[in-house]
Amino acid sequence: MNTSAVDFILSLLNIVFLDLILAGDNAIVIGLAARNLQGSQQKQAILLGTGGAVVLRIIATILVVWLLQIPWLLLCGGLLLILIAFKLLSGDNTETDIHAGGTLWAAVRTIVIADAAMGLDNVIAIAGAAKHNITLVVLGLLISVPIVVWGSTLFIRLINRYPWIIYIGSAVLGFTASSMIASEQKISAYFSIHPLLHYLFIAAVIAGILAAGHWKRRRTHSSIPRSGSSF
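Conventions adopted
- Residues numbered from 1 in each chain as written.
- Predicted model: local features only at pLDDT ≥ 70, side-chain atom pairs only at ≥ 80, totals over all residues.
- Heavy atoms only, no water.
- Helix = DSSP H or I, 4+ residues; strand = E, 2+ residues; numbered from the N terminus.
- Buried < 20%, exposed > 50% of the residue type's maximum accessible area, 1.4 Å probe, protein only.
- Lys, Arg positive; Asp, Glu negative; His and termini not counted.
- Salt bridge = Lys/Arg side-chain N within 4 Å of Asp/Glu carboxyl O.
- Contact = heavy atoms within 4.5 Å.
- pLDDT = per-residue confidence, 0-100.
- Axes fitted to C-alpha atoms, helices over the stretch in contact; angles between N-to-C directions.
- Parallel < 35°, antiparallel > 145°, perpendicular 65-115°, else oblique.
- Nonpolar A, V, L, I, M, F, W, Y, C, P; charged D, E, K, R; others polar.
- Core = buried A, V, L, I, M, F, W, Y, C linked by side-chain atoms within 4.5 Å.

### What to know about the side chain of Glu 184
- The residue Glu 184 is located in the loop between helix H8 (164-182) and helix H9 (188-193) in this model.
- No salt bridge is formed by the buried Glu 184; its nearest oppositely charged neighbour, Lys 186, is found at 6.8 Å.
- What Glu 184 contacts, discounting residues up to four positions off in sequence, is Pro 71, Trp 72, Leu 73, Leu 74 and Leu 75.

### Structural notes on the confidence of the model for the chain
- Across the chain, the average pLDDT comes to 79, with 78% of residues at 70 or higher.
- The low-confidence segment residues 227-231, where pLDDT is below 50, has 6 contacts with residues more than four positions distant or belonging to other chains.

### Looking at the packing of helix H4 (residues 73-90) against H8
- Running from amino to carboxyl end, H4 crosses H8 at an angle of 170°, the nearest separation of the two axes being 8 Å. Classified by the angle between their axes, H4 and H8 sit roughly antiparallel to one another. Within the contact between the two elements, H4 uses Leu 74, Leu 75, Gly 77, Gly 78, Leu 79, Leu 81, Ile 82, Ala 85, Leu 88 and Leu 89 and H8 uses Ile 166, Tyr 167, Gly 169, Ser 170, Leu 173, Gly 174, Thr 176, Ala 177, Met 180 and Ile 181.
- When its residues are assigned to classes, the contact of H4 with H8 shows 14 nonpolar, 6 polar and no charged.

### Thoughts on the nonpolar core
- If you look at the biggest cluster of nonpolar residues, it comprises 36 residues, and the most contacted ones within it are Leu 81 and Leu 173.
- Looking at this core, the elements with two or more residues in it are helix H1 (3-21), helix H3 (39-67), H4, helix H6 (120-130), helix H7 (134-161), H8 and helix H10 (195-222).
- Setting aside anything within four residues of it in sequence, one finds Leu 81 in contact with Asp 121, Ile 124, Ala 125, Leu 173, Thr 176, Ala 177 and Met 180.
- Listed in part, the 11 residues of the second largest apolar core include Leu 37, Ala 45, Ile 111 and Val 112.

### Some remarks on the environment of Val 108
- Tracing the sequence through the fold places Val 108 in helix H5 (residues 104-118).
- For the pair Val 108 and Ala 53, spaced 55 residues apart in sequence, the C-alpha to C-alpha distance is 9.3 Å.
- Discounting residues that sit within four places of it in the chain, Val 108 has contacts with Ala 45, Leu 48 and Gly 49.

### Some thoughts on H6
- For H6, a buried count of 10 out of 11 residues is recorded, marking the element as mostly surrounded by other parts of the structure.
- Buried within H6 are the following residues: Asp 121, Asn 122, Val 123, Ile 124, Ala 125, Ile 126, Ala 127, Gly 128, Ala 129 and Ala 130.
- Two residues or fewer after H6 comes Lys 131, characterised by a positive phi angle close to 55°.

Now the structure itself:
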């Protein structure tokens, strides 16, 4: 297997992992939107809603991949992804009020609209990890979204049982964010000339996210009654 094939596979695995880490809220949306439907209708709503959400997310990610080629937007995207990584680790997420649909198409509409509204973090992360490769965007989403739909409960339980997975996810987001910033057209030449500073910058971003996020996470847990163990 040649180097380019290995790089492609590693990038694809990175995209799938990022989407899974960031998809907890989306899995909850799917469950809430379809909870009032019965049997086969519930399965249809999940399948159709997820299909519509995947199509919209592919379009949005491709658009963002194109936009990130505009000067300074790669830097802005990287900074926004750092904030997203911090929020993921600290648990500082905005709750979204999702109303269950009473009919099949109402549930489908709710899933698609809510996923589009909540999917900004996924779109930016995947666009950054894809490095302008549209094939990676499409394949990554086609692989990861069905996993989220059918294995969402299992994955959420896995994260709750092993909180260190969130730390790995935040570190990967930090790596993606710092790589996006270092790839910005206006400053990439500087990092190319000083490769050591490039690696130090990536390490500093990851360490900063983990330290700040862990501090906020511990502070949040210490301020509420303890109902179980925390990392």
